[in-house]
Amino acid sequence: SGDSMAVATYTIIVKINGQTLQGTSVSFTPGGFTRESKTAAGKAGRHFVRIPQQSMCSVTILDLPDGPSLDEMRNWENVTLVAECDNGKAYQIDNAFVVNAFEISDEGGGIQLDFEGPEATEL
C-alpha cells in the first residue's frame, strides 16, 4: 500500500499566558459534551441527551527555583492555556483556572496542576 507513516502525539507542551510550563506529563481533555441514552416509551437507546463537558488539562511540572511561585500558581484564573502537540496540532482553553489544591512531591515528582475551563478550540 502507498500509505505513509503518520506521526502521533508523543509530547504535549503546555503554555499558560504564553509561558511554557516545565511539564513532565500531560493529559488533555478538550471538552464538548457527553451523550447519555434515555429510555422512552419502553425503548432503550433510541434517544439521548447531551451533557455539556468542561475541558480539562492535567500537567505535572518540575518544581524548579526559577519556576512559577506558589502564589502565581494558586492565582491562575482566567488564563489562556495552550496545549501544543508535537504532531502539529494545538488546542486553546480560554479562561482556564486551576481547580486543585496541589501538592509538591519529592524525588523530582513535581507539582500536578489540574486546569479546567470551557470547551477547547483547535488552533
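On a predicted model such as this, the values are computed, not experimentally measured, just so you know.

Q: So what's going on with the pattern of salt bridges? Residues and values would help.
A: The final tally for this structure, using the stated rule, is three salt bridges. Close ionic contact of Lys15 with Glu84 constitutes a salt bridge, the shortest N to O distance being 3.2 Å. Residue Lys15 is located in strand S1 (residues 12–16), and its partner Glu84 is located in strand S7 (residues 79–85); the two are separated by 69 residues in the primary sequence. Residue class for Lys15 comes out partly exposed when judged on its relative accessible area of 23%. Here Glu36 makes a salt bridge to Lys38, at a shortest N to O gap of 2.9 Å. For Lys38, a relative accessible area of 36% corresponds to the partly exposed category.

Q: Which residues make up the pairing of S1, and what values go with them?
A: Where a strand is regular, its side chains alternate between the two sheet faces. Examined bridge by bridge, S1 and S7 share five bridges and lie antiparallel to one another. Paired with Ile16 across the bridge in S7 is Leu81. Relative to strand S2 (residues 19–20), S1 is paired through two bridges, and the arrangement is antiparallel. By the bridge assignment, Lys15 is partnered in S2 with Thr20. Here S1 hands over to S2 after two residues, with Asn17 in that stretch at a positive phi of 50°.

Q: So, unusual backbone geometry: which residues are in play, and what are the values?
A: Its identity as a non-glycine residue notwithstanding, Asn78 has a phi of 55°, on the positive side. Mapped onto the secondary structure, Asn78 falls in the loop between helix H1 (70–74) and S7. The class of Asn78 is exposed, set by a relative accessible area of 60%. Positive phi outside glycine occurs at Asn95, with the angle close to 60°. In this structure, Asn95 sits in strand S8 (residues 90–98). Take Asn95: its relative accessible area is 44%, and that puts it in the partly exposed class.

Q: Requested: an account of the packing of aromatic side chains, with residues and values cited.
A: Evaluation of the coordinates by the stated rule reveals two aromatic pairs. Between Trp76 and Phe115, the aromatic rings sit 5.9 Å apart at their centres with planes inclined by 35°, giving tilted as the arrangement. You can see Trp76 sitting in the loop between H1 and S7 and its partner Phe115 sitting in strand S10 (residues 110–117), a full 39 residues away along the chain. For Trp76, a relative accessible area of 5% puts it in the buried group.

Conventions we followed
Residues numbered from 1 in each chain as written. Predicted model: local features only at pLDDT ≥ 70, side-chain atom pairs only at ≥ 80, totals over all residues. Heavy atoms only, no water. Salt bridge = Lys/Arg side-chain N within 4 Å of Asp/Glu carboxyl O. Helix = DSSP H or I, 4+ residues; strand = E, 2+ residues; numbered from the N terminus. Buried < 20%, exposed > 50% of the residue type's maximum accessible area, 1.4 Å probe, protein only. Pairing = 2+ DSSP bridges. Phe/Tyr/Trp six-rings, centres within 6.5 Å; stacked < 30°, edge-to-face > 60°.

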